[in-house]
Amino acid sequence: MNEILINVQGLCKQFKKSKVLKDVSFTVKEGMICGLVGPNGAGKTTIMKALGGLIIPTAGSIELFGETSEKGLAHSRSRMSFMIEVPYAKQSMTARENLEKLRLQKGLPDKSRIDEVLELVGLADTGKKHVKNFSLGMKQRLGIAGALLTKPELMVLDEPVNGLDPEGIVEIREMLLKLNREEHITIVISSHILSELSLLCSDYLFIRHGELIESLSAEQLKRQCHEYYHIRTDKDSLVPAVLKNTLGIEDIEVEKDGSVRVYERIDELRLISRTLYENDITPVELHLKDADLEQYYMNMVGEESEEGDKNDKSDKGTAVQNAS
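Residues numbered from 1 in each chain as written. Predicted model: local features only at pLDDT ≥ 70, side-chain atom pairs only at ≥ 80, totals over all residues. Heavy atoms only, no water.

(A) Structural detail: the packing of aromatic side chains. Under the criterion given, the structure shown has one aromatic pair. With a centroid separation of 5.6 Å and 45° between ring planes, the pair formed by Tyr228 and Tyr263 is classed as tilted. Residue Tyr228 is found in strand β10 (residues 228-233), and its partner Tyr263 is found in the loop between β12 (260-262) and α10 (269-278); the two are separated by 35 residues along the sequence. Here Tyr228 matches Tyr263 in class, with each residue buried. (Phe/Tyr/Trp six-rings, centres within 6.5 Å; stacked < 30°, edge-to-face > 60°. Helix = DSSP H or I, 4+ residues; strand = E, 2+ residues; numbered from the N terminus. Buried < 20%, exposed > 50% of the residue type's maximum accessible area, 1.4 Å probe, protein only.)

(B) Representation of the nonpolar core in the model. Ile144, Leu148, Leu176 and Leu179 are the most contacted members of the largest nonpolar core, which totals 46 residues. Formed by 29 residues, the second largest nonpolar core is a distinct cluster that contains Leu11, Ile47, Ile62 and Ile84. (Core = buried A, V, L, I, M, F, W, Y, C linked by side-chain atoms within 4.5 Å.)

(C) Seen up close, the pairing of β10. With respect to burial, β10 is a largely interior element, five of its six residues being buried. Both β10 and strand β13 (residues 283-289) contribute to a ladder of six bridges, which runs antiparallel. In the strand pairing of β13, Thr233 is matched with Pro283. Here β10 pairs with β12 via three bridges, running antiparallel. Directly across from Tyr229, in β12, lies its bridge partner Val262. (Pairing = 2+ DSSP bridges.)

(D) Geometry of helix α2 (residues 70-77). Residues of α2 that are buried: Gly72, Leu73, Ser76 and Arg77. Angular distribution of buried residues about the axis of α2 spans 135°; they occupy a single face of the element. Looking at α2, the residues exposed on the side facing more than 90 degrees away from the buried face are Glu70 and Lys71. Where α2 is buried, its residues touch α1 (44-51), β4 (59-64) and β5 (80-84). (Arc of directions from axis to C-beta. Contact = heavy atoms within 4.5 Å.)

(E) Highlighting the environment of Glu100. Following the sequence through the fold, Glu100 ends up in helix α3 (residues 95-106). Using a relative accessible area of 23% as the deciding quantity, one classes Glu100 as partly exposed. Sequence separation between Glu100 and Ile114 is 14 residues; the distance between their C-alpha atoms is 7.1 Å. Those residues in contact with Glu100 that lie beyond four places of it in its chain are Lys111 and Ile114.

(F) Region of the structure containing the pairing of strand β6 (residues 154-158). Summarising burial for β6: five of the five residues are buried, a large majority. Here β6 shows two buried faces, one formed by Leu154, Val156 and Asp158 and the other by Met155 and Leu157. Examined bridge by bridge, β6 and strand β7 (residues 186-191) share five bridges and lie parallel to one another. Bridge assignment links Leu154 to a residue of β7, and that residue is Thr186. With helix α6 (residues 166-182) bridging β6 and its parallel neighbour β7, the resulting β-α-β unit is right-handed. (Right-handed = clockwise from strand over helix to strand, strands pointing away.)

(G) Broad picture of unusual backbone geometry. Unlike most non-glycine residues, Asp23 shows phi in positive territory, near 55°. Along the polypeptide, Asp23 turns up in strand β2 (residues 18-29). Judged by relative accessible area, which is 54%, Asp23 ranks as exposed. The backbone of His209 sits at a positive phi, close to 50°, despite the residue not being glycine. Take His209: it is sitting in the loop between β8 (203-208) and β9 (211-217). A relative accessible area of 31% means that His209 is categorised as partly exposed.

By themselves, these figures tell us nothing about what the structure is for.
Printed below as a string of structure tokens:
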């Protein structure tokens, strides 16, 4: 069983009279790529800053690597790296020069680590090219390279694909998957682009107006977006057994209101309807449903809040790479 690296319980944050986070609770386990999903202003950046110790929560608790004390959290954060907002780099310097400057600032003795991280993020061949001539995707990769210098076990990345063109998005995605699979780095990543996170994440946290509205694994999310028959009848409790015993349908899910989802034989509407009637069950609703990932996202988070957007943005400061 994978170790719980992050355990957040009842997290609240209030700025003046505005509640930016409202009783947020979640866990992140070792090996996950966990996506924080929500519109701008939902509270994603505020959560990340609380994890990094950059803001003090109004209420609730944060446990990192099993530590909850101030000293313990500081030690745990030394095992993590953070990239919040646009990564800072000296524009007139090369990628290597920027990383060397950062290495010295952090007091890291191993010079060879610079070559390692440049290779990891695909910037080993940039040579004397100055950062001002980098594409936005290259700048994002340089920011991640800086976050990798300390050999983190867990990375927290705020909107790393925001503003990138499709090629840049693919580059960042493939790099993060490599870091997770080959370097065994657990990743928490925020975005409002669910279609992209769907190709990357193992787990999802949906945030809206400062509240956690749903937590799903990738498999659960895929299932939610799968085609299915939604069936409501005058005898809902009998439907699963009838469909299983008569048609051999096994993939059935009973919803909280008693209605039924059927994920098999979705091209046989008439057969399913006839089978129900023959067993003295009258369908009230029987129709095919599906949702692509973007539609599911819109249904979950709804319209963004102008007030929440203002508060979350007002809390954003300069870029942070490794809060330790």
